[in-house]
Amino acid sequence: DQQVKQNSPSLSVQEGRISILNCDYTNSMFDYFLWYKKYPAEGPTFLISISSIKDKNEDGRFTVFLNKSAKHLSLHIVPSQPGDSAVYFCAAYSGTYKYIFGTGTRLKVLA
Amino acid sequence: DGGITQSPKYLFRKEGQNVTLSCEQNLNHDAMYWYRQDPGQGLRLIYYSQIVNDFQKGDIAEGYSVSREKKESFPLTVTSAQKNPTAFYLCASRQGVTDTQYFGPGTRLTVL
């Protein structure tokens, strides 16, 4: 039973446009969500997070939106740059020391 | 520089041999984790430790063992009982205040 789902395995976006990566979850006990960026053969790099008491968090070009009623979160990257090309993972945390990860979305930003 | 180090980056072993992967952190984080990533899949939790001398099995602990004798160190042993050990192994630690988890650079283990 996959509690965190990233239904789009890949996404291609033109440089300068917006990239929107989506993530759905099933467990309403999750109260903290994170996005990571990962290059091949490297560890994931933390990008941005959001607590369940908020519906939006911004950090530079990255914004995460949380819709608790729909159990859905999204990561917006504006403007997209070629260096953003990577695999993006969303993760959920319920305060029990365990994180649940999605299967990732591969973003390709076209120059 | 604070961070998480994993060594070695690439590791080759013969089938049937045990191998230990190193993970060290100087972030003063209490909790540490081991994950495995296979091609096209997400991160699967092997073991985690909340404090020194304590650890719990994750979702795929069979064939693996860990120890947590020091706060800074959380080595993972891949035993010969692990049926498919070739994978990319990631160590992480958790910052308690923000609940954010940070990762090391990973170790690629290949069993020949």
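Residues numbered from 1 in each chain as written. Chains lettered and ligands numbered in written order. Predicted model: local features only at pLDDT ≥ 70, side-chain atom pairs only at ≥ 80, totals over all residues. Heavy atoms only, no water.

> Run through the state of the cysteines, naming residues and quoting values.
Applying the stated criterion across every chain, the model contains 2 disulfides over all chains. Each disulfide pairs two cysteine sulfurs, and for Cys23(A) the partner residue is Cys90(A), the sulfurs being separated by 1.9 Å. Every disulfide takes its handedness from the sign of the S-S torsion; for Cys23(A) and Cys90(A) that torsion is 65°, giving right-handed. Of this pair, Cys23(A) sits in strand β3 (residues 19-25) while Cys90(A) is found in strand β9 (residues 86-93), placing the two residues 67 residues apart along the sequence. Each sulfur of the disulfide joining Cys23(B) and Cys91(B) lies 1.8 Å from the other. With the S-S dihedral at roughly -70°, the linkage between Cys23(B) and Cys91(B) falls on the left-handed side. Residue Cys23(B) is found in strand β3 (residues 19-25), and its partner Cys91(B) is found in strand β9 (residues 87-95); the two are separated by 68 residues along the sequence. Taking the relative accessible area as the measure of exposure, Cys23(B) reaches 0% and is therefore buried. (Disulfide = S-S within 2.5 Å. Helix = DSSP H or I, 4+ residues; strand = E, 2+ residues; numbered from the N terminus. Buried < 20%, exposed > 50% of the residue type's maximum accessible area, 1.4 Å probe, protein only.)

> Requested: an account of the interface of chain A and chain B, with residues and values cited.
Note: interface size is frequently given as the accessible area lost on complex formation between the parts. Opposite the 18 residues of chain A that make contact, chain B presents 24 residues. Taking both partners together, chain A and chain B bury about 1700 Å²; carbon and sulfur atoms supply 58% of that area. In this assembly, chain A and chain B are joined by 1 salt bridge. As a salt-bridge pair, Asp59(B) and Lys98(A) come within 3.4 Å of each other at their nearest N and O atoms. Here chain A is connected to chain B by 7 residue pairs in polar contact (both at pLDDT 80 or more). Elements that contribute at least two residues to the side of chain A that touches chain B include exactly β4 (32-38), β9 and β10 (99-101) of chain A. Sort the elements by how many residues they give to the side of chain A that touches chain B and β4(A) lands first, with 4 residues. Residue composition of the side of chain A that touches chain B, by class: 11 nonpolar, 4 polar and 3 charged. (Contact = heavy atoms within 4.5 Å. Buried area = accessible area lost by both parts, 1.4 Å probe. Salt bridge = Lys/Arg side-chain N within 4 Å of Asp/Glu carboxyl O. Polar contact = N/O pair within 3.5 Å; in protein donor to acceptor, adjacent residues only side chain to side chain. Nonpolar A, V, L, I, M, F, W, Y, C, P; charged D, E, K, R; others polar.)

The values are spatial; any link to function lies outside them.
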